[in-house]
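Here are the chains, one letter per residue:
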Amino acid sequence: MAQSNIETRWHLLDDARAVAAQAALWIQRAASRAIAQRGWFSIVLAGGNTPRLAYRLLVDTDTDWSRWVIYFGDERCLPPDHRDRNSRMAAAAWLDAVPIPADNVHVIPAQLGAEVAAPAYAKVIRAALPFDLVLLGIGEDGHTASLFPGQHHPAGQLVHAVYQAPKPPPERVSLSAQALSETSELLVLATGADKAPAVRAWRSGVALPVAQVGAAGGVDVLLDKAADG
Ligand code: 6PG
């Protein structure tokens, strides 16, 4: 999707806690609508640290957890129980505390290595599209998921094998911009002063990786004052 076609709505909140609270509320409302309309809610989770507090707040959601289906936007090629795994962060903050059926949590098998895990997860994603909600973070360089500036991937892929990522670990698996864009809602979280340069660049039209992802309904960015520079 060309960047210029993506409607981006900026929602400024006081601080990281306010961003987390709004993100949790947004996700809860999206889930309630999707479950009422179609009987289930599919969400792609962001990695990194920013979403951790929002995940913790989701634990107390009044919902039918059996209707939730979880995917991951990216994963680091590390052992499943490694403390730097995105799946482990989400499990520790949220998923292990709620009764989502294990079969509904689709972890990226990144421990197999990117070459094997990417095509394997592409089969899972192909069967899952379109998503109800995709949650993303933004890196200081404007990356999102494991889509980094200056890295190019074959067109048409739903899931990329990523090597030499500038943010360790170097080997990762990432949904493509195309796959991340096939969603009813797309929510990007940006908190902290270290994200302000990337947010400024994004708002000024720089073709950052985060700017290449856009649902047909647009992108909603929840950012705090520190990230708004
Ligand atoms: C990852 C994430 C990555 C993350 C950003 C922001 O695996 O590292 O998917 O895209 O969302 O780097 O990370 P923080 O939230 O920790 O600042």
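In this report, we go over the structure that sits alongside the text.

Rules used in this analysis
- Residues numbered from 1 in each chain as written.
- Predicted model: local features only at pLDDT ≥ 70, side-chain atom pairs only at ≥ 80, totals over all residues.
- Heavy atoms only, no water.
- Core = buried A, V, L, I, M, F, W, Y, C linked by side-chain atoms within 4.5 Å.
- Buried < 20%, exposed > 50% of the residue type's maximum accessible area, 1.4 Å probe, protein only.
- Helix = DSSP H or I, 4+ residues; strand = E, 2+ residues; numbered from the N terminus.
- Contact = heavy atoms within 4.5 Å.
- Near = heavy atom within 4 Å.
- Polar contact = N/O pair within 3.5 Å; in protein donor to acceptor, adjacent residues only side chain to side chain.
- Areas by Shrake-Rupley, 256 points an atom, 1.4 Å probe, with all protein chains shown as cover.
- Nonpolar A, V, L, I, M, F, W, Y, C, P; charged D, E, K, R; others polar.
- Phe/Tyr/Trp six-rings, centres within 6.5 Å; stacked < 30°, edge-to-face > 60°.

The nonpolar side chains of a soluble globular protein tend to be buried with one another. Of all hydrophobic cores here, the largest spans 76 residues; its most connected members are Phe41, Tyr55, Trp68, Trp94 and Ile125. Among the elements that take part in this core, helix H1 (residues 16-38) stands out by supplying ten residues, more than any other. Those residues in contact with isoleucine 125 that sit more than four places away from it in its chain are Tyr71, Phe131, Leu158, Val159, Leu175 and Ala179.

Here we come to the site of the ligand. In the vicinity of the ligand lie 15 residues, with Thr50, Asp74, His143, Ala145 and Lys195 positioned nearest. Contact between the ligand and histidine 143: an oxygen atom at 2.6 Å from a side-chain N or O atom of the residue. Lysine 195 is positioned such that a nitrogen or oxygen atom in its side chain is 2.6 Å from an oxygen atom of the ligand. Protein chains bury 93% of the 410 Å² of accessible surface belonging to the ligand in isolation. Considering only residue class, the shell around the ligand consists of two nonpolar, eight polar and five charged.

Another aspect to go through is the packing of aromatic side chains. Geometrically, a pair of aromatic rings is defined through the distance of the ring centres and the angle of the planes. Under the criterion given, the structure shown has seven aromatic pairs. Ring centres 4.8 Å apart and planes at 70° place the aromatic pair tryptophan 10 and tryptophan 202 in the edge-to-face group. Taken together, the residues span a long stretch of sequence, with tryptophan 10 in strand E1 (residues 8-13) and tryptophan 202 in helix H6 (residues 196-203) at a distance of 192 residues. With 4.6 Å between their ring centres and 45° between their planes, tryptophan 65 and tryptophan 68 make a pair best called tilted. Residue tryptophan 65 is classed as buried on the basis of its relative accessible area, which comes to 7%. Overall, the relative accessible area of 0% leaves tryptophan 68 in the buried class. Grouping aromatic residues by their ring pairs yields a cluster made of Phe41, Tyr55, Trp65, Trp68 and Trp94.

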